[in-house]
Amino acid sequence: MPENARSPLKPLSEALLFASNFLRHPNMLGSIVPSSRFLVNQVLEPVDWSRARVLVEYGPGVGTFTAEILRRMRSDAQLVAIETNQDFVRFLQRALPDPRLHVVHDSAAEVQPVLQRLGLPAPRYIISGIPLGSMPDPVRTDIAVKSRAALEPGGAFLVYQFTARALPVLQRTFGDVRRSFERRNLPPAQLFMCAKRAG
Ligand SMILES: C[S@@+](CC[C@H](N)C(=O)[O-])C[C@H]1O[C@@H](n2cnc3c(N)ncnc32)[C@H](O)[C@@H]1O
């Protein structure tokens with residue numbers, strides 16, 4: 001749907017759903033408001049849309065990245081959005097009725113079985129806003145290792161975080177991590193682009 005065709009109440013209801021879930025699960029969300037368009041643009045900047053036939057998003061929340069990924073991706077590409085919060089899953093299934101989108105109620109740690117169940121090949125990109133920094137080290141290591149294993153060679157794990165606590169795990173797992181920063185987000189965000197080298 002074009003931006004100017006949206007109901008003015010939609011962004012408000014998204015913001016309220018997000019904020020009420022933040023009050024119940026502050027560690028799982030990390031922020032009281034969804035990501036800004038500045039952060040969305042910077043995280044998606046490295047994506048080569050012509051080569052991305054399968055993409056995965058971890059922790060879509062109310063779909064701030066999801067809607068923009070759908071807008072930019074190929075008409076024959078598939079997006080798998082994996083979310084642990086049932087309220088967000090229900091909301092996204094209603095709000096984004098796009099046949100290219102698969103909203104799955106599960107954890108990022110289950111990325112490989114989820115892709116297998118959907119019969120999809122390895123993704124080119126995994127885009128992640130889940131709070132790796134607040135998780136115990138073995139849990140974030142497990143997610144980083146499984147994400148690298150799930151990606152196709154030449155693909156990338158695009159991570160945004162509000163702290164740098166996940167950086168050592170990402171460097172150990174991927175070796176090649178490029179960093180940047182988006183200060184126009186609330187809170188300001190760190191970006192880690194983790195490449196899975198081809199070959
Ligand atoms: C910081 S919010 C990001 C929401 C949205 N992507 C945005 O940028 O506005 C983190 C999201 O990750 C979800 N989440 C937390 N742990 C998760 C996990 N292990 N697997 C999948 N989703 C998870 C939370 O429920 C929440 O929706």
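Check the entry above for the structure.
This report concerns the structure included in the present document. (Residues numbered from 1 in each chain as written. Predicted model: local features only at pLDDT ≥ 70, side-chain atom pairs only at ≥ 80, totals over all residues. Heavy atoms only, no water.)

To describe a pair of aromatic rings, one takes the distance between the centres and the angle between the planes. If you walk through the whole model with that rule in mind, you get four aromatic pairs. Look at F18 and F88: their rings are 5.8 Å apart centre to centre, the planes differ by 15 degrees, and that puts the pair in the stacked class. Here F18, found in helix α1 (residues 9-24), pairs with F88, found in helix α5 (residues 86-95); they are 70 residues apart in sequence, far enough to count as distant. Here F65 and Y160 contribute two aromatic rings whose centre-to-centre distance is 4.6 Å and whose plane-to-plane angle is 15 degrees, an arrangement assigned as stacked. Taken together, the residues F65 in helix α4 (residues 64-72) and Y160 in strand β5 (residues 156-161) connect sequence positions 95 residues apart. (Phe/Tyr/Trp six-rings, centres within 6.5 Å; stacked < 30°, edge-to-face > 60°. Helix = DSSP H or I, 4+ residues; strand = E, 2+ residues; numbered from the N terminus.)

Here we take up the nonpolar core. Ranked by internal contacts, the top residues of the largest apolar core, which has 33 residues, are V43, L44, L55, F65, I69, M73 and I127. Once residues lying within four places of it in the same chain are set aside, the contact partners of M73 are W49, L55, Q78, L79 and R100. In terms of nonpolar packing, the next biggest core, distinct from the first, is built from 30 residues, L132, A144, V169 and F174 among them. (Core = buried A, V, L, I, M, F, W, Y, C linked by side-chain atoms within 4.5 Å. Buried < 20%, exposed > 50% of the residue type's maximum accessible area, 1.4 Å probe, protein only. Contact = heavy atoms within 4.5 Å.)

Another aspect to go through is the side chain of N21. Position of N21 among the secondary structure elements: in helix α1. Overall, N21 belongs to the buried group, its relative accessible area being 0%. For N21, the residues in contact, after removing those within four places along its chain, are L29, N85, D87 and F88.

Let's shift gears to helix α6 (residues 111-118). Given 3.6 residues to a turn, an α-helix orients residues that are three or four positions apart in the same direction. Residues V111, V114 and L115 constitute the buried set of α6. Down the axis of α6, the buried side of the element spans an arc of 95 degrees, and every buried residue falls inside it. Turned more than 90 degrees away from the buried face of α6, the exposed residues are Q116 and R117. On its buried face, α6 sits against β1 (54-58), β2 (78-83), β3 (101-105) and α7 (137-150). Where α6 ends, the next residue or the one after it, G119, has phi of about 70 degrees, a positive value. (Arc of directions from axis to C-beta.)

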